[in-house]
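Chain and residue survey
Listed here are the chains, written in short residue letters.
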Amino acid sequence: MGGLSARADRRGVGPSTREVIAERVDRIADGVVSLVLVTPDGSPFQPWEPGAHIDVHLGGQYVRQYSLCSSPDDLSHLRVAVLDVPGSRGGSRWIHGNVRPGDTLEISEPRNNFPVRDSRKYLFLAGGIGITPIIPMIERAAEAGKDWHLVYGGRSRGSMAFAERLVGTYGDRVDIVAEDERGRMDLAGVLALPRAHMLVYACGPGGMLRAVEDLCMGWPPGSLHTERFAATALGPGSVAEPFEVELARSGKTVSVPTDRTILEAVEDVGVRVLSSCRQGLCGTCETTVVSGEPEHRDAVLTQDDQDGGATMMICVSRAAAGCGRLVLDL
Ligand code: FES
């Protein structure tokens with residue numbers, strides 16, 4: 001979640017939050033501001049690992065997820081970078097228009113849906129504001145003396161947050177591909193040869209990630225790890241069907257019509273479920289599936305997890321076609 005998803009959502013029942021102070025608000029690239037957040041009493045934040053994000057509660061209306069791009073070794077502050085999405089009426093506009101140094105914000109504790117597995121070698125691929133979760137990953141890989149390489153693409157150098165700093169710190173391990181200088185990233189070339197003992201971590205816009213997924217089909221299973229800004233689009237011909245959900249613990253059964261999510265239908269009968277993004281992006285509403293086949297529409301679970309069907313994100317995922325009834329551990 002390096003940037004914002006485009007759709008605004010109602011505020012849900014979220015995980016526990018805390019107040020922080022925006023100590024610094026800096027414009028660090030065209031359309032990108034960096035927020036440095038500290039605790040009111042100067043106490044350290046809880047430990048987090050590369051790939052983690054926080055929820056930021058915006059003006060009492062919206063919750064957005066932003067990847068942490070500060071150092072996990074320095075818990076005196078957290079840093080996020082926010083892209084002002086053109087035409088956005090939601091989170092990015094609100095942050096760019098409202099947050100000033102000294103303001104108080106409400107955030108969640110860090111959570112991680114994009115953890116880094118140990119490996120001898122890493123290939124990091126970042127598109128635009130998707131660089132944010134990659135920055136702590138690189139720091140950790142460099143500290144551990146790993147073999148790694150970053151390919152970072154964007155419209156122009158001026159729009160690419162942290163580009164100069166990355167090149168200055170890491171030299172030729174970093175390949176900056178500004179579209180107005182070199183065209184788009186040559187993903188086909190970069191990913192042409194599957195490499196053993198190398199993990200690929202990619203974050204960026206949906207089109208870039210779809211291309212990366214296609215190009216990694218021939219790589220060893222488990223090589224590719226991605227993080228999206230928005231949940232996966234439905235495949236062609238996929239339509240929403242009504243179905244029933246049995247809530248095993250509360251003994252209730254709810255109908256989920258085509259225009260409601262499971263989460264909304266469950267809330268309608270008074271069952272409270274933790275939720276945050278309500279877009280299939282954050283993992284907060286993950287729910288255990290007792291029986292039935294889900295159709296996963298989230299951007300959190302891995303393909304293996306989705307195929308296993310043990311849990312589902314009930315803010316976006318539904319029952320698979322022909323599966324008229326899901327039983328959930330609620
Ligand atoms: Fe974020 Fe469902 S509330 S994935």
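Concerning the overall build of the protein
Secondary structure summary: the protein contains eight helices and 19 strands in total. In the protein, which comprises 330 residues, the proportion classed as buried is 50%. Long-range pairs, those at least 24 residues apart, make up 68% of the contacts in the protein between residues at least 6 apart in sequence. Put simply, the protein shows about 14700 Å² of open surface, and 48% of that area lies on carbon and sulfur atoms.

A short note on the pairing of strand β4 (residues 62–67)
β4 sits mainly inside the fold: six of its six residues count as buried. Burial along β4 is two-sided: the face carrying Y62, R64 and Y66 and the face carrying V63, Q65 and S67 are both buried. Of the pairings in the sheet, the one linking strand β3 (residues 52–58) to β4 comprises six bridges and is antiparallel in character. Following the sheet pairing, D55 is matched in β4 by Q65.

Let's talk about the packing of helix α2 (residues 131–143) against helix α3 (residues 163–170)
Where α2 meets α3, the closest approach of the two axes is 12 Å, and the angle between their N-to-C directions is 10°. Judged on the interaxial angle alone, α3 and α2 are roughly parallel. Facing α2, whose interface residues are I131, I135, I138, E139 and A142, α3 presents R165, L166 and Y170. For the contact of α2 with α3, the per-class residue count stands at six nonpolar, no polar and two charged.

What about a negative patch on the surface?
A cluster of acidic side chains, namely E286, D304, D305 and D307, defines a negative patch on the protein surface. Per-element accounting of the negative patch gives the leading share, three residues, to helix α8 (residues 303–308).

A few points about the packing of aromatic side chains
A complete count under the given rule lists six aromatic pairs for this structure. Between W148 and Y170, the aromatic rings sit 5.1 Å apart at their centres with planes inclined by 85°, giving edge-to-face as the arrangement. Here Y170 lies in helix α3 and W148 lies in strand β9 (residues 147–154), a separation of 22 residues in the sequence. Residue W148 is classed as buried on the basis of its relative accessible area of 2%. Of the residues examined, Y170 reaches a relative accessible area of 22% and is grouped as partly exposed. Through pairs of rings, three or more aromatic residues link up here, namely F114, Y122, F124, W148, Y170 and Y201.

Topic: the sheet that holds β9
Note: strands within a sheet are paired through backbone hydrogen bonds, in either parallel or antiparallel orientation. With respect to topology, five strands assemble into an open sheet ordered β10-β9-β8-β11-β12, the strand pairing being parallel. Taken across any chain shown, the strands that pair with only one partner, and hence form the sheet edges, are β10 (174–178) and β12 (224–227). Strand-to-strand twist of the sheet, defined as the mean angle between neighbouring strand axes without regard to direction, takes the value 15°. Sheet topology places β9 next to β10; five bridges connect them, and they run parallel. Note that in β10 the partner of G153 across the bridge is V177. Against the sheet, α2 engages β8 (121–127), β9, β11 (198–203) and β12, with an angle of about 160° to β8. In the packing of α3 onto the sheet, the strands contacted are β9 and β10, and the crossing angle to β10 comes to about 150°.

Some points on the nonpolar core
Within soluble globular proteins, side chains that are nonpolar tend to cluster in buried spots. With 29 residues, the main nonpolar core has F124, I131, I134, L150 and Y152 as its most contacted residues. Counting residues per element, this core draws most heavily on α2, which supplies six residues.

Focus on the pairing of strand β6 (residues 104–108)
With five bridges joining them, strand β1 (residues 17–29) and β6 adopt antiparallel strand pairing. By the bridge assignment, R18 is partnered in β6 with I107. Two strands pair when backbone bridges link them, and β3 and β6 are joined in this way by two bridges, in the antiparallel orientation. Along β6, the bridge assignment pairs H57 with E106.

As for the sheet that holds strand β15 (residues 286–291)
Taken in spatial order, the five strands of this open sheet run β14-β13-β19-β15-β17, and their pairing is mixed. Sheet topology places β14 (252–256) and β17 (311–313) at the edges, where each strand pairs with a single neighbour. Put simply, the sheet's adjacent strands are angled 40° from each other on average, direction ignored. In terms of strand pairing, β15 meets β17 through three bridges, oriented antiparallel. Bridge pairing in β17 links T287 to M312.

Rules and cut-offs
Residues numbered from 1 in each chain as written. Predicted model: local features only at pLDDT ≥ 70, side-chain atom pairs only at ≥ 80, totals over all residues. Heavy atoms only, no water. Helix = DSSP H or I, 4+ residues; strand = E, 2+ residues; numbered from the N terminus. Buried < 20%, exposed > 50% of the residue type's maximum accessible area, 1.4 Å probe, protein only. Contact = heavy atoms within 4.5 Å. Areas by Shrake-Rupley, 256 points an atom, 1.4 Å probe, with all protein chains shown as cover. Pairing = 2+ DSSP bridges. Axes fitted to C-alpha atoms, helices over the stretch in contact; angles between N-to-C directions. Parallel < 35°, antiparallel > 145°, perpendicular 65-115°, else oblique. Nonpolar A, V, L, I, M, F, W, Y, C, P; charged D, E, K, R; others polar. Patch = residues over 30% accessible without salt bridge, like charges linked within 9 Å, V, L, I, M, F, W, Y side chains within 5 Å. Salt bridge = Lys/Arg side-chain N within 4 Å of Asp/Glu carboxyl O. Lys, Arg positive; Asp, Glu negative; His and termini not counted. Charge placed at Lys NZ, Arg CZ, Asp CG, Glu CD. Phe/Tyr/Trp six-rings, centres within 6.5 Å; stacked < 30°, edge-to-face > 60°. Core = buried A, V, L, I, M, F, W, Y, C linked by side-chain atoms within 4.5 Å.

In short, shape yes, function no, at least from these values alone.
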